[in-house]
Each structure stands twice: as C-alpha cells, then as structure tokens.
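# Coordinate analysis (summary)
Below are the chains, spelled out letter by letter.
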Amino acid sequence: MDDRLPVRVAVDAPQHSGLGGALDYLSERTLSPGTLVRAPLGRREVTGIVWPGDADPEPSVALKPVAAVLDAVPPLSARWCELVDFAASYYQRGLGEVALSVLPPELRKLDDDQLAQRVARLRKAWAVPPAGPVPARPELTPDQAAALARLGELSAPGQAPVVLLHGLTGSGKTEVYLRAAEDALAAGRQVLVLVPEINLTPQLEARFAERFGAGPAPKRIVSLHSGLTPAQRLKNWLAAHLGLADLVLGTRMAVFAPLPRLGLIVVDEEHDPSYKQQEGARYSARDLAVYRGKLEGACVVLGSATPSLESWQRAEQGRYERLTLAHRVGNGALPAVRLVDMNLLPKAPGVTTLLSPQLVGALARRVERGEQSLVFLNRRGYAPVLHCGACGWKSDCPHCSAWRVFHKVDRTLRCHHCGFTQAVPRACPDCGNLDIAPLGRGTERLEEQLAEALPGARVARIDADSTKTKGALEAQLSAVHAGDVDVLVGTQMVAKGHDFRRITLVAAVSPDNALFSSDFRAPERLFALLMQAAGRAGRDAAQADRSEMVVQTWHPTHPLYAALQRHDFKAFADSQLKERSMAGLPPFSHLALLRAEARTAQAAREFLQAAATLAEQIPGARELLIYPPVPHHIARVANVERMQMLVESPTRGTLQRVLRPWVDELTRLKSQHKGVMRWALDVDPLAI
Ligand SMILES: Nc1ncnc2c1ncn2[C@@H]1O[C@H](COP(=O)(O)OP(=O)(O)OP(=O)(O)O)[C@@H](O)[C@H]1O
Ligand SMILES: [Zn+2]
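Per-chain numbering applies: the sequence of each chain, read as written, is numbered from 1 onward. Written order determines the labels here, with chains lettered from A and ligands numbered from 1. pLDDT decides what is reported in this predicted model: residues at 70 or higher carry local features, side-chain atom pairs at 80 or more are listed and counted, and totals for whole chains, interfaces and linings draw on all residues regardless.

To continue, consider the site of ligand 1. Here is the check we use: build the C-beta atom from the backbone, and if it is within 6 Å of the molecule or strand, call the residue near. For ligand 1, the set of nearby residues contains 19 residues, the closest of which are P138, T169, G172, K173 and T174. A helix here means a DSSP run of H or I that spans at least four residues, while a strand means a run of E at least two residues long, and both kinds are numbered starting from the N terminus. If you tally residues by element for the shell around ligand 1, the top one is helix α5 (residues 173-186), at 3 residues. Classes in brief: Ala, Val, Leu, Ile, Met, Phe, Trp, Tyr, Cys and Pro nonpolar; Asp, Glu, Lys and Arg charged; the others, Gly included, polar. Of the residues assigned to the shell around ligand 1, the class counts are 4 nonpolar, 10 polar and 5 charged. Per-domain counts for the shell around ligand 1 show at least three residues from each of domain 2 (142-330) and domain 3 (332-382 + 442-579). Domain start and stop points were drawn from an automatic or database domain assignment.

This part takes up helix α9 (residues 309-316). Working definition of burial: number of other C-beta atoms within 10 Å of the residue's own, with buried at 20 or more, exposed at 12 or fewer, and partly exposed in between, all C-beta atoms being placed from the backbone. Burial analysis of α9 places 6 of its 8 residues in the buried class, which makes it a mostly covered element. Within the span of α9, buried status applies to L309, S311, W312, Q313, R314 and A315. By the criterion used throughout, residues are in contact when their C-beta atoms, derived from the backbone, lie within 7 Å. The inward-facing, buried residues of α9 abut β6 (162-167), β11 (299-304), β12 (321-325), α14 (522-534) and α17 (569-583). A positive backbone phi angle near 85° is found at G318, which sits one or two residues after α9.

We now examine the UniProt feature "domain: Helicase ATP-binding" (unreviewed entry) in the protein chain. In the UniProt entry, the feature "domain: Helicase ATP-binding" (unreviewed entry) is given for residues 154-325. Counted over residues 154-325, helix gives 34% and strand 22%. Its end C-alpha atoms are 17 Å apart. UniProt positions are given in the numbering used here, feature names are shortened, and annotations may be inferred rather than shown by experiment.

To continue, consider the packing of helix α18 (residues 601-616) against helix α19 (residues 652-672). Axis separation between α18 and α19 bottoms out at 10 Å; the angle between their running directions is 135°. For the element pair α18 / α19, the angle class is oblique. Crossing of α18 over α19 shows right-handed handedness. Across from F607, A610, A611, L614 and A615 in α18, the residues of α19 making contact are V658, W662, E665, L666 and L669. Class assignment for the residues of the contact of α18 with α19 results in 9 nonpolar, no polar and 1 charged. The angle between two axes is taken between their N-to-C directions and runs from 0 to 180 degrees, where each axis is a line fitted to C-alpha atoms and a helix contributes only its stretch in contact. Put simply, angles under 35 degrees are roughly parallel, angles over 145 are roughly antiparallel, angles from 65 to 115 are roughly perpendicular, and the rest are oblique. Throughout, a crossing is termed right-handed when the near helix is turned clockwise from the far one, and left-handed when it is turned anticlockwise from it by less than a right angle.

With that settled, consider the environment of H327. With respect to the element layout, H327 can be found in the loop between β12 and β13 (336-341). A count of 19 C-beta atoms within 10 Å places H327 in the partly exposed class. Each C-alpha atom, one on H327 and one on T169, is 8.9 Å from the other, the two residues being 158 residues apart in sequence. Look past the residues within four positions of H327 in its chain and what remains in contact with it is T141, D143, L168 and S171.

Glancing now at the confidence of the model for the protein chain. Across the protein chain, the average pLDDT comes to 91, with 97% of residues at or above 70. For this predicted complex, the interface confidence reaches an ipTM of 0.96, while the overall pTM sits at 0.93. Per-residue confidence from the predictor is reported as pLDDT, which spans 0 to 100.

Split into domains, the protein chain comes out as domain 1 (5-103), domain 2 (142-330), domain 3 (332-382 + 442-579), domain 4 (383-440) and domain 5 (590-683). Distance from the C-alpha centre of domain 1 to the C-alpha centre of domain 4: 50 Å.

Here 5 strands make up an open sheet; going across it, the order is β2-β1-β4-β3-β5 and the pairing antiparallel. This sheet does not close on itself; its edge strands, each paired only once, are β2 (23-27) and β5 (68-70). Going from strand to strand, the sheet's axes swing by 50° on average, the running direction of each strand aside. We treat two strands as partners when DSSP finds at least two bridges between them. Alignment of strand β1 (residues 5-11) against strand β4 (residues 44-50), held across 3 bridges, turns out to be antiparallel.

All right, on to the sheet that holds strand β17 (residues 412-414) then. Reading across from one edge, β16-β17-β18 is the order of the 3 strands in this open sheet, with antiparallel pairing throughout. The open sheet has two edge strands, β16 (405-407) and β18 (421-423), and neither has a second partner. The mean angle between the axes of side-by-side strands here comes to 25°, regardless of whether they run parallel or antiparallel. Sheet topology places β16 next to β17; 3 bridges connect them, and they run antiparallel. Each bridged residue has a counterpart across the sheet, and for V405 the counterpart in β17 is R414.

Attention now goes to the UniProt feature "binding site: Zn(2+) 1" (unreviewed entry) in the protein chain. Feature annotation in UniProt places "binding site: Zn(2+) 1" (unreviewed entry) on C388, C391, C428 and C431, given in this structure's numbering. A stretch of 44 residues holds the annotated residues, and the largest C-alpha distance among them is 8.6 Å, short enough that they meet in one place. Ignoring anything within four residues of it in the chain, the contact list for C388 reads W393, C428, D430, C431, N433 and I436. Accessibility expressed as a C-beta count within 10 Å gives 13 for C391, which makes it partly exposed. Here C391 is in contact with C428, D430, C431 and N433, once residues within four sequence places are set aside.

Moving on, we come to the packing of helix α3 (residues 112-125) against helix α7 (residues 230-241). The N-to-C vectors of α3 and α7 enclose an angle of 70°; their axes lie 10 Å apart at closest approach. In terms of orientation, α3 lies roughly perpendicular with respect to α7. Here α3 runs over α7; the crossing is right-handed. Note on element contacts: α7 touches α3 through L234, K235, L238 and A239, opposite R118, V119 and L122.

This part takes up the pairing of strand β8 (residues 221-224). Neither face of β8 is open: one carries I221 and S223, the other V222 and L224, and all of them are buried. The pairing of β8 with strand β9 (residues 247-250) spans 4 bridges and is parallel. By the bridge assignment for β9, V222 is matched with V248. With its strands directed away from the observer, a crossover is right-handed exactly when the path from the first strand over the helix to the second travels clockwise. Once the chain exits β8 it traverses α7 before rejoining the sheet at β9, and the crossover so formed is right-handed.

Helix span, as expected, comes to 1.5 Å for every residue beyond the first. The end-to-end C-alpha distance of helix α1 (residues 78-90) is 18 Å, a good match for the 18 Å that 13 residues give at a rise of 1.5 Å each. In this structure, the buried side of α1 is in contact with α2 (95-101) and α8 (285-296). Downstream of α1 by one or two residues, Q92 has phi in the positive range, about 60°.

Here's what the structure looks like:
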C-alpha cells in the first residue's frame, strides 16, 4: 500500500489554463504549508508552494509525486499565503500564478543546494554590523509631534490601525515615517516602506540608512524593486524572509515581501497610480497593504499631500483615522499660484506660443537671483507629431492609432506605444514637400526654447529619455541638488516626491488637456500632480515667501485651478466626491473592466458582447450595470485592436460574487472566439 501523503501545491500555471487553485500531489513526508517544492506539471517541472488546507484528491485520479523539496528556504508563513489567497481571489487570477509571480525569479532556477549556499552566505555576511554614534534627529514640529502621539495611542498592543497621514508638501511626512519606524524597530518588529516609483527609492533609502544604518544598534535595510539584478533581488528577498533585514523599502511588488515580524507598513504618496499593477494580476499594492496590515496586526500609514479620493472618503467615514500636518516645516508658505491666461497673449500668425512673457520674466528673475526653477510638461520628445503643411500628412504610426513622436536628438520618429522607430524623412512621404514641421511640443523642445529665451542660464532636462542609462537619473538629480542647474525641465518624474531645497519657481506650461478627458479620474490626477509640483517650490522656509507657481492655461476660470490657487485639497476632494456620488462613480460604486484584444475590432466586440450575455445569467448580475463595449482610448497598438467593457456594481460583494463564475465562463468563451488573442479583467481599474 502507498503510504505517501497527498499535499496541496500552488503551482505556476497561467491564469487562463484553467488551473485556478492549488493542485494535489503526493509526498513521501509531511510538508509544512509554505514549503517550496518542485513538481511536475504536464511535461514540465515547475516551482510550487505547499498550500495550507487539506488535499482532496479524486480517488480515481493517480496523483504524481512532488519532485523535490526546497528545504533551504524556510516555509512561507500562513499569513503570507492568506495574503496571496486574497489577492488571487479578489483580482480574479490563478492562485499559483499570483503566488509564484511575486517570488524572486531566481528561486525558480536554483536547486536546494544552491539555495542553501545563498542562505548560508547571507547569514554570514549579515553577522554584526558595526555600531556607531547616535544619529542626529531633528526636533519634531508641533504637527509631527501631535501626529506621532496619536499614532502611538492608536497602535496600542493588539491594535492594527490604518492611518491617513494628510500632510502638506514639505510638512515633513518622512520624519513621521522615520519615528514610527523607530518605535516598531525598537519593539523588534520589521518595517515595510512602499514608494510609488523606483526613482524615489534612492533618496528615501538614503534617509532611512542615515537614521537607522548606523548608531548603537544599527538596523539592516534592503530594497526590493525591478531595478535590481536577479541575484540582488533574491538576496534582499531572502534577507526579509529570514528576518535578517529590519527594514524593507520598495515599489509595489514589495507588498508581497515575506516579513516574519512585520509591525508597520508605510505607503508613501498613497494616491499614486503606480501602486496599481497594470498587467498580469492587476493588484493595488496600496489596497493590499491595508489588507495585509489587518492580517498581520501591523499598523498601516498611508501618507500623501493629495490622498486618493478612495482613502479620503474612508477617512471621512471614520474607517481610517486622519492625522494632519497642516504646516510646512519652518512654517514656510506654500507658493503663490499665478494663472497666466493664454487667451490674452498677442497672437502672431504662424507662431505657437509655449512660453508666456510672464513665465519668461519670472524665470529670468530666478536665474538672476541664483534660485532654481522647475518647468513641468508631461510629454517627452521634441514634438508629439510631425506635419506637412502642403498635403496635411502627419507622422502616424502604421501599427497603432497614435502619432509617432519626433525626437530631435537622434532625428527619429518613435511610437511611444509599440516602439516602432524610423529616421525622420527628408521630405513628406506623401507629397514630397521638403517643408515638414514639428507640431506641438515636448520636453526636448521646451528645453531648447528655454535655453533660447534665457541666454546664459543652465537648463537641464530629466525625463524617461534622459535617464535611460544606469545611474543617469541619480547623477542628474544630484546636479540639481548641488545647484549646478538653473532651470530644470521635466515630466511628472520630477514633479513629485523630491526634496529640492533651492527651487522657488514651478511652472506648468500646458496642463489643460486633462481638464476635458473622458476618464472621470483625470481631474483628480491633474489636481494631485499640480499640487505635488507646486510642493517642489519653497521647501526651504527661508525662501518660501518668494516661491511661486505659474500655470499657463486657456481656461483660467476652471474651478480646479481656483482650488489649486487656494491650496485647498479638502474643498477639491469634497466637490469631486459630491460629483462622484451623484454620478454613482467610485468610491460610491465598484468597477471592473473587461478588456479584449483581437486582430479586428469586430472580433473583440463580439467577444465582449457574448461575455455580457453570459454575465447576465449569473445570479446577482441584475444589480450590476454592464456598459456596451467601447474602443480603448488608443484603440490599436502594434496592429492589435483593443476594446473594453465596464461593469459597475453598487457593492464590492455583489461584484465579487459575479466575477468568479464569470471568469470561469470566459476561459471557455475564448475558445469559441478564435479571433480574440487575449482578454483580461481589471478589478478596481484606475484608467478608464
Ligand atoms: N522636525 C523637523 N525639523 C527640521 N527639518 C525637518 C523636520 N521634519 C522634516 N524636516 C525637513 O523638511 C523637509 C521636508 O520634509 P519631507 O521631505 O518629509 O516632506 P514631505 O511631507 O514628504 O513633502 P512631500 O509631500 O512634498 O514629499 C526635509 O528636508 C526634511 O529633512
Ligand atoms: Zn506604434
């Protein structure tokens, strides 16, 4: 008789293969839940995790044995498994898919001996860090002291509060994170700090290292983000999992870092859209952080000067406790916001105005005084399109429903969606006219025009193009911090998070586009971005009174700009929430977006229509509103047509009850729609 035991294993199978949950295998010995194994799947051998719960094999099916056990790595905790279980079911993905996709890829490549070596090396290298003198800490501002005192009360033993730290730009939120971390570390717990973008990690890592990396009882800090090499990522992940690292700092993927003694989770810039994963399992790291806090009994601090309306509303309802930092450090003023009405500029035929005289004057005064300015434009490249005045040709992408952007540095036309790149044609490809010209402007052109308008000024640009090579961003940022730059031109990359000390002028040269977007979240995003950008000015209290923000707009009476001028986040949030409530939009309803990609728009539409019919038959679906399929706002990318269909529900529960059976049906439905290449469901979609 066979004395091998059945075990459940979450294996790495793609979602649409129909293997939703864990699979049953046989094992020679008892395996603790959370143990890493290798197991056969079809003709392959894949990595898996022994999953909590009893195996429930069909008597008629012969189970396959587990191929190898990776004992070198301690089992993942039951809570970690619960977090993954929740994420998979909430975002409607396969359990194994989620579980394995959040582990470092190297874990799948190394065998048990190799892993044992890594673990041993790590334990040795991490022996005892050298002690040093007590690091200097600033005296808390009254706001910071009050927030921390309240946080202390809320995090009494056994409590796991969620706190929304609403602090003005430059009010010292980071110091609050540092002190809260200090308490958690002193209690022997681990701290997880999430940041929205890799480019914000170096600065924050430096501040945490300065505070905790030395001193009488130095702490160990690791980072987790996609910029690490596979070996570094494995090492840092192991350090967290083995409990060697005290502090883990990372981007959204770090929310899944295994942390045996987790006591505090900080989500910095909690409103940032980068916390939402946009492919595969489309999870929100911020929302999972809140869930994880409850699960692990850890305190969660969501920090922002411009909280998401979702979090703001929960604070209003009392589900999160709101702590406010209402003053900037040193009591410096926020910059005065000046709107420049572009309608009033004198019009010269054939000339498109980008820089108003008011803005150029304000910049020139800064250059004269030796102060820095930041000019912000959310569009990289030289010009968004090249145009022939004779026949009307425009530089469209043959593979996408988008223009190719003109990059002057290397004289190319590049599609920012599919990557298709060509040299700029000498003449119009349609009519041969030699006089083809750039239309509109991007950061490259802005940089050029600023250099012309401000002779002698040192103009620098930071965007995705200028920072492609490793270390380029750090070098460019430190030039700004060192004062080697007078005018910094950049995209949203530089408009948020950075603690620039010398900037006294911030300008948004053409922010209007987002005012009239079809996406209901566009005003929220624009407002947040402009407030964040404004917050880069006057961070040094001594200069704050001279600090200013210039907004060039064709719509100076728009209420969004009026709220910006008053720096009034609360008024803006309240009015947006009122509109959302009247329109039945989130957070007053709950959405899911079904996307389909096909060779033809027709095939994608038919799939979505059939999907809608299937959904209507699921119990509970009567409460849902299923909208007709519409094209994605960039309908075609790399010759693939993209359609989407919105599902709206009054409650999260109803939505969840319908989605699971629906997803199972969709897997079958796709096999009847041969023209459909891919489909995906996005729960709580951010971009619509
Ligand atoms: N109590 C304090 N005393 C003196 N300086 C402080 C204090 N707290 C913070 N600072 C300094 O104030 C500056 C702004 O703080 P911080 O970067 O944390 O602001 P923030 O609230 O995160 O702003 P933003 O939302 O714009 O990123 C930093 O240079 C920080 O070192
Ligand atoms: Zn393209």
